[in-house]
Amino acid sequence: MRKISLLFFIIISVLVFIQAKPQQDLNIKEDIELKIDALLSKMTIEEKIGQMTQITLEVVSAPDRKSGDKLVIDEEKLREAIVKYNVGSILNTGNFANSLDNWHEIITAIQDIATKDTRLKIPVIYGIDAIHGANYTLGATIFPQSFALAATRNKEIVKKGAAVTAYEMKASGIPWDFNPVMDIGREPLWPRFFETFGEDPYLAAILGEQYVKGIQGDDPSKPEKGAACLKHYVGYSAPNNGKDRTPAWIPERVLRDVFLPSFERAVKAGALTVMVNSSEINGIPVHSDYHLLTEILKEEMNFQGFVVSDWRDIINLYERDRVAETPEEAVRMAVMAGIDMSMVPFNYTFYDHLLNLVNGGKVPVSRIDDAVRRILRVKFLTGIFENPYPIKSLAANFASPEFAKINKSAADEAITLLKNDNNILPLKKGAKFLVTGPTANKLSVMNGGWSFVWQGDDESLYPAEKNTMLEAMQIAAGNENVVYSEGVDFSTDINMKETIEKAKDTDYILLCLGEKPYCETPGNIGDLNLDRIQLDFANELAKTGKPVILVLFEGRPRVINQIVDDMSAIIMGYLPGLEGANSIADILFGDVNPSGILSFTYPKFPAGYTTYDYKPMEEYDQNHFTPQWVFGYGLSYTTFEYSDLKVAVDENAGKIDVAVKVKNTGKRKGKVTAELFLTDLVGSVSRPVRQLKGFEKIELEPETESTVHFVLTAGDLAFHNRENKKVIEPGDFVINVGGLEEKVRIENIKL
Ligand code: BGC
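This one's a predicted model, so the numbers in the text were calculated from it and none came from an experiment.

Rules used in this analysis
Along each chain, numbering runs from 1 in the same order as the chain's sequence is written. pLDDT decides what is reported in this predicted model: residues at 70 or higher carry local features, side-chain atom pairs at 80 or more are listed and counted, and totals for whole chains, interfaces and linings draw on all residues regardless. Only hydrogens and water are removed before side-chain values are computed, so all heavy atoms of the structure are retained for them. For this analysis, a salt bridge means a side-chain nitrogen from Lys or Arg found within 4 Å of a carboxyl oxygen belonging to Asp or Glu. Helix and strand definitions here come from DSSP, where helices need a minimum of 4 consecutive H or I residues and strands a minimum of 2 consecutive E residues; each element is numbered from the N-terminal end. Accessibility here uses a 1.4 Å probe with only protein chains present; expressed as a share of the type maximum, an area under 20% marks a residue as buried, one over 50% as exposed, and anything in between as partly exposed. Working rule for contacts: check all heavy atoms of both residues, and any pair within 4.5 Å makes them a contact. Here an angle of 0 to 180 degrees is reported between the N-to-C directions of two axes, which are lines fitted to C-alpha atoms, with helices fitted over the stretch in contact. Orientation is classified from the angle alone, with under 35 degrees giving roughly parallel, over 145 giving roughly antiparallel, 65 to 115 giving roughly perpendicular, and any other angle giving oblique. Note: crossing handedness is left-handed where the near helix turns anticlockwise from the far helix by less than a right angle, and right-handed where it turns clockwise. Any residue outside Ala, Val, Leu, Ile, Met, Phe, Trp, Tyr, Cys, Pro, Asp, Glu, Lys and Arg is labelled polar, Gly included; the first ten of those are nonpolar and the last four are charged. Any two of the Phe, Tyr and Trp rings considered here, Trp counted by its six-membered ring, make a pair once their centres fall within 6.5 Å; the pair's planes then place it as stacked at under 30 degrees, edge-to-face at over 60, or tilted in between. To sit over a ring, a charge needs its Lys NZ or Arg CZ within 6 Å of the ring centre and within 35 degrees of the ring normal.

## Side note on the pattern of salt bridges
- If you walk through the whole model with that rule in mind, you get 52 salt bridges.
- One salt bridge connects Arg256 with Glu300, and the closest N-O pair in it is separated by 2.9 Å. On the criterion of sequence distance, the pair formed by Arg256 in helix α9 (residues 252–259) and Glu300 in helix α11 (residues 290–300) is long-range, its members being 44 residues apart.
- Here Glu300 falls in the partly exposed class, since its relative accessible area comes to 43%.
- Taking the shortest distance from any N to any O, the salt bridge between Lys697 and Glu413 comes out at 2.8 Å.

Have a look at this one:
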């Protein structure tokens with residue numbers, strides 16, 4: 001009997017242990033935790049608080065730098081930061097991208113002081129916004145922005161691109177990337193729309209996970225790997241008025257169904273750091289939100305890396321939001337909410353206030369120890385304790401032709417053909433072109449914000465050997481066949497009349513419209529319509545009777561309803577990066593068959609934006625879903641047919657297997673993305689009319705067929721009910737792939 005109860009006790013204990021074990025311990029390594037224990041036991045409170053302090057490079061470099069100047073470190077200020085204030089992290093670029101050599105000098109100077117002249121020799125962790133490539137290093141491989149990468153629907157490309165970014169960032173001596181943006185792009189006015197992987201929570205989660213894997217690999221301490229930073233946790237991308245850093249109202253259920261899953265998946269993939277949303281949700285500035293930062297992120301998701309604030313956002317609790325009565329109270333609120341590192345970034349006020357708070361007993365040392373443990377963990381895991389210096393041998397492959405090739409394939413697969421009247425594209429060689437419009441002859445307009453400078457608008461820093469759209473056309477069509485005239489600027493007439501005249505002697509007009517580069521608050525707009533002059537110019541050009549092929553370079557879907565019918569072909573160029581123009585030229589002449597599909601719904605009207613996963617009442621009675629082009633839309637030069645959809649529910653295994661045949665029925669080889677949409681027909685809260693739950697991109701030769709497989713698991717069927725609890729409700733579900741549908745009944749699949 002005693003034996004039985006002992007056995008019973010052991011079984012129960014094992015079960016309890018398994019239950020209590022956190023979801024994942026990806027970032028906990030016993031040996032590292034011991035090293036952290038040893039370091040923490042030696043650290044003074046000042047040294048600990050220093051680790052939690054992040055300043056910008058401008059604080060420790062010579063002032064008044066101009067474009068083209070080398071960045072010069074101010075040794076005395078650097079010493080003050082690291083030796084006097086024990087600063088644990090530095091960020092940013094010093095206003096302009098630096099050369100590889102300059103970066104090496106900067107990082108070496110920083111680490112020399114940190115690892116030679118401080119008591120505990122803790123290296124500084126340097127962080128950079130490598131948003132679409134190592135965009136703050138001159139000459140780097142600059143990729144399509146994320147909303148374009150998402151249009152590729154190609155997981156491998158996203159991962160490879162991130163791996164190149166990590167390589168070039170590490171070649172520069174920097175181990176920490178402030179990317180991926182895991183915000184969900186559901187407000188097209190928002191000037192950071194292009195930094196997202198689009199409007200869909202599932203797409204963003206899958207691609208974010210790939211990005212994290214590309215940056216961190218299976219071991220972030222490898223020479224060519226580093227740490228990712230998921231941002232901006234959470235709900236930043238849906239401001240009520242569309243402007244950057246303005247309030248959002250997001251009920252917890254929507255937060256959990258739409259905005260949190262991408263973060264959750266990337267945390268599970270092992271992402272080492274998270275940056276906080278600069279604005280407020282439901283009246284609470286996220287930098288002071290204990291529920292979101294500690295209860296959900298650190299406890300529910302079991303995030304073991306560290307949380308960094310965004311730029312000045314702790315002092316903003318006092319200066320801007322007025323939820324704190326004093327600057328010191330702002331620091332207390334943020335640290336107690338769960339922020340581990342403050343991107344201060346211009347001074348040492350955070351350090352002084354936090355020291356006072358700890359000394360006055362208002363912030364417990366246990367919270368400081370937790371924050372510092374997390375920061376040191378990331379420092380160990382990224383390998384900077386072993387080697388804090390730039391690995392100069394990595395320079396060998398920096399911006400290599402091999403990386404440019406990956407970049408080109410990303411742009412090839414991103415560019416999205418939206419209209420192709422009478423199959424006017426692809427074009428035959430030998431025709432004559434007028435190339436015109438404000439985005440025809442600049443590299444900055446194809447790269448957007450976060451390119452060599454914050455706003456991406458310093459054309460002089462772009463590599464001259466890369467092609468603008470005009471240059472790519474001159475190469476592809478032959479110089480003698482291309483006439484160029486600017487026509488209009490973004491919002492003003494330059495030589496519209498004269499340009500229209502020139503169209504008369506050509507066969508086609510390649511009209512390049514869109515937006516000037518921008519990011520964050522300077523990119524705010526009050527009207528989603530494309531600028532009037534650009535629309536008028538397009539209409540006037542169409543009146544010449546020459547076919548107009550419209551190419552859009554823009555960071556968000558500007559409304560072009562007024563000109564769509566007049567255009568013979570429309571190509572969404574997004575912000576396709578440094579190879580983008582070559583890709584578009586290849587698509588125009590048929591050397592590349594387009595395969596990009598929209599990562600967002602392109603609106604027809606400037607108001608009433610509706611995403612593809614709208615609710616039933618949004619297409620009920622007199623309501624109609626009438627986008628210009630829906631999420632997932634994109635044409636090819638060939639045709640595909642779906643057949644034989646097979647759905648097998650296995651309730652015991654908790655999964656649904658789906659298979660479908662896809663055939664290339666046209667005459668060209670082409671790539672196609674099979675997308676699986678799920679509809680939960682009845683729910684205790686209203687369910688979206690469809691939701692993406694799987695996508696696979698394949699390539700098919702003409703007249704060939706292939707079977708695509710998907711596996712849906714419990715998580716794919718779940719949503720948050722009236723009590724904000726994650727549930728699967730038994731009932732009918734419809735599975736749709738390529739227009740084929742099958743209804744299945746789910747009785748007993750459990751989460
Ligand atoms: C942006 C972040 C960025 C940080 C550092 C902030 O203004 O919101 O996305 O990582 O600056 O440059």
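## Some words on α9
- The complete set of buried residues in α9 reads Leu255, Arg256, Val258 and Phe259.
- In this fold, the buried residues of α9 make contact with α8 (201–216), α10 (261–268), β7 (280–281), α11 and β22 (719–720).

## Examining the packing of helix α16 (residues 401–414) against helix α21 (residues 580–588)
- Across the interface, α16 lies against α21 with an axial gap of 8 Å and an inter-helix angle of 50 degrees. The angle between α16 and α21 places the two elements in the oblique class. Helix-helix and strand crossings are classified by hand; for α16 and α21 the assignment is right-handed. Every residue of α21 that contacts α16 at Lys408, Ala411 and Asp412 is listed here: Gly580, Asn582, Ser583, Asp586 and Ile587.
- A per-class count over the contact of α16 with α21 returns two nonpolar, three polar and three charged.

## Quick look at the packing of aromatic side chains
- Scanning the model with the defined rule gives 26 aromatic pairs in all.
- Where Tyr167 meets Phe403, the ring centres are 5.2 Å apart and the plane angle is 75 degrees; that geometry is what we call edge-to-face. Remark: Phe403 occurs in helix α16 and Tyr167 occurs in helix α7 (residues 155–171); sequence separation between them is 236 residues.
- For Tyr167, a relative accessible area of 13% gives the class buried.
- The exposure class of Phe403 is buried, given its relative accessible area of 6%.
- Aromatic pair Tyr614 and Phe625: ring centres 4.5 Å apart, planes at 40 degrees, arrangement tilted. Here Tyr614, found in the loop between α21 and β17 (640–650), pairs with Phe625, found in the loop between α21 and β17; they are 11 residues apart in sequence, far enough to count as distant. Taken individually, Tyr614 and Phe625 each receive the classification buried, so the pair is uniform in this respect.
- In this structure an aromatic cluster arises from ring pairing among Phe147, Phe193, Tyr574, Phe600, Tyr602 and Trp629.
- Its guanidinium or amino end placed over the ring of Phe695, Lys155 lies 4.7 Å from that ring's centre, counting from NZ or CZ.
- The side chain of Lys429 reaches across the aromatic face of Phe589, ending 5.0 Å from its centre.

Keep in mind that these numbers describe shape and distance, not what the molecule does.
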